[in-house]
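Below are the chains, spelled out letter by letter.
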Amino acid sequence: MICEIEPSIFPIPATMHKGAVYSYIVPAVLAFWIQTIVTGFEIRINTNPSAVEFGDSLEVNCTTTCTDPIINVEYKPGTQLHRTNGSNWFTDYFPTVHTWDFAAPCTVTCKSESSQLKEEKMVVTVYNREVNITSPPEVLEVNRAYSLECIGPRVYPNNKLILTWLRGSEIVQSNSTGEQGYPDEDKRLRNVFSFTASVSDDGQVYTCLAEVDLGSSNRKRIANSSVTLQTHYQTSVRMLAAQIVGLISAAFVASALLCCIITYLYSLFRN
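So, here's what we can say about the structure. Computed from a prediction, not measured in an experiment: that's the story for all the values here.

### Considering the layout of surface pockets
Next up, step 1: Size it by volume and the largest pocket reaches roughly 310 Å³.
Next up, step 2: Of the residues forming the lining of the largest pocket, the biggest block, three residues, is contributed by strand β7 (residues 102-110).
Next up, step 3: Split by residue class, the lining of the largest pocket holds eight nonpolar, six polar and four charged.
Next up, step 4: The space that makes up the second largest pocket amounts to roughly 180 Å³.
Next up, step 5: As for the second largest pocket, its lining consists of S50, M122, V123, V124, T125, P157, K160, D213, L214 and G215.

### Side note on the pattern of salt bridges
Next up, step 1: Enumeration over the complete set of coordinates arrives at 12 salt bridges.
Next up, step 2: Across the pair E211 and R221 runs a salt bridge, and its minimum N-O distance is 4.0 Å. Residue E211 is found in strand β16 (residues 205-215), and its partner R221 is found in strand β17 (residues 218-228); the two are separated by 10 residues along the sequence.
Next up, step 3: Owing to a relative accessible area of 9%, E211 belongs among the buried residues under this scheme.
Next up, step 4: The network of salt bridges with common partners includes E130, D186 and R188.

### Quick word on the environment of G168
Next up, step 1: Residue position: G168 is located in the loop between β13 (161-167) and β14 (170-175).
Next up, step 2: Distance in space between the C-alpha atoms of G168 and Y206 is 6.1 Å, their sequence separation being 38 residues.

### So, unusual backbone geometry
Next up, step 1: The linkage connecting N48 with the following residue, P49, adopts the cis geometry, with an omega of 5°.
Next up, step 2: One can find P49 in the loop between β1 (43-48) and β2 (51-53).
Next up, step 3: Between Y156 and the following residue, P157, the backbone shows a cis peptide bond with an omega angle of 0°.
Next up, step 4: Considering the arrangement of structural elements, one finds P157 in the loop between β12 (155-156) and β13.
Next up, step 5: Look at S115: it is not a glycine, yet its phi comes out positive at around 55°.
Next up, step 6: Structurally, S115 is set in the loop between β7 and β8 (116-127).
Next up, step 7: Of note, S217 is a non-glycine position whose phi angle comes to about 65°, a positive value.
Next up, step 8: Position of S217 among the secondary structure elements: in the loop between β16 and β17.
Next up, step 9: Classification of S217 by relative accessible area gives exposed; the value is 79%.

What counts, and where the lines are drawn
Residues numbered from 1 in each chain as written. Predicted model: local features only at pLDDT ≥ 70, side-chain atom pairs only at ≥ 80, totals over all residues. Heavy atoms only, no water. 1 Å grid on protein atoms, 1.4 Å probe; cavity = no way out; pocket = protein on both sides within 12 Å on 5 of 7 lines; lining within 4 Å. Points joined across faces, edges and corners; volume = space filled by probe spheres on them. Helix = DSSP H or I, 4+ residues; strand = E, 2+ residues; numbered from the N terminus. Nonpolar A, V, L, I, M, F, W, Y, C, P; charged D, E, K, R; others polar. Salt bridge = Lys/Arg side-chain N within 4 Å of Asp/Glu carboxyl O. Buried < 20%, exposed > 50% of the residue type's maximum accessible area, 1.4 Å probe, protein only.

Here it is, written out as structure tokens:
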């Protein structure tokens, strides 16, 4: 068998002798083959919304760059959905999401890529909107220590929730967990903010904000709850007594001084 090499694909210098042709061509063919295998085809999964509230609807779209794919997807038994599809995509619509561990898988077998099999899976964050603040005393005493506790909503995976305390619009403390948790476990994240009450806290609004981490520095606000503080300055009995003693002492000194002045003036007029 005689193999002729197409010059347009692998250009060979005119001065190259026949023995060097194969040493020139083989690496080029090998590089071309490796690039083809590594590049392959892609699978992209998108959801709308990016994070879903428990009980709400969800849309999942899977698209592939393979031109003749066999697309397969399997959800949990009993999952109700409506599907539309094209030659290289499908979209599943779920009227309600009633599970905390919702995964969107997409498996593609590409016939034009030697029936190469690829699988992608996206875990969708599911949440509710329950945010609770432990109420502080009705009136806070200035210069005393207090704490505000916020209990966040149920979110799975757990590590997607961020709880933030704001003083007005200023962030004063954020909290999150690195644990994914378990879908059947209702473990709520807490954020306890400790502070010393000041006069400026009177009428100040503190807000606990719950957000879902969507990745790439993107967040989705899902719930918040606020509390307005009231403060007063309470003088202790000891401080009050010291102030009274000081006033009495000052009054006594002033009276004595006034008596001396009157006596002196009287003596002048008498003489």
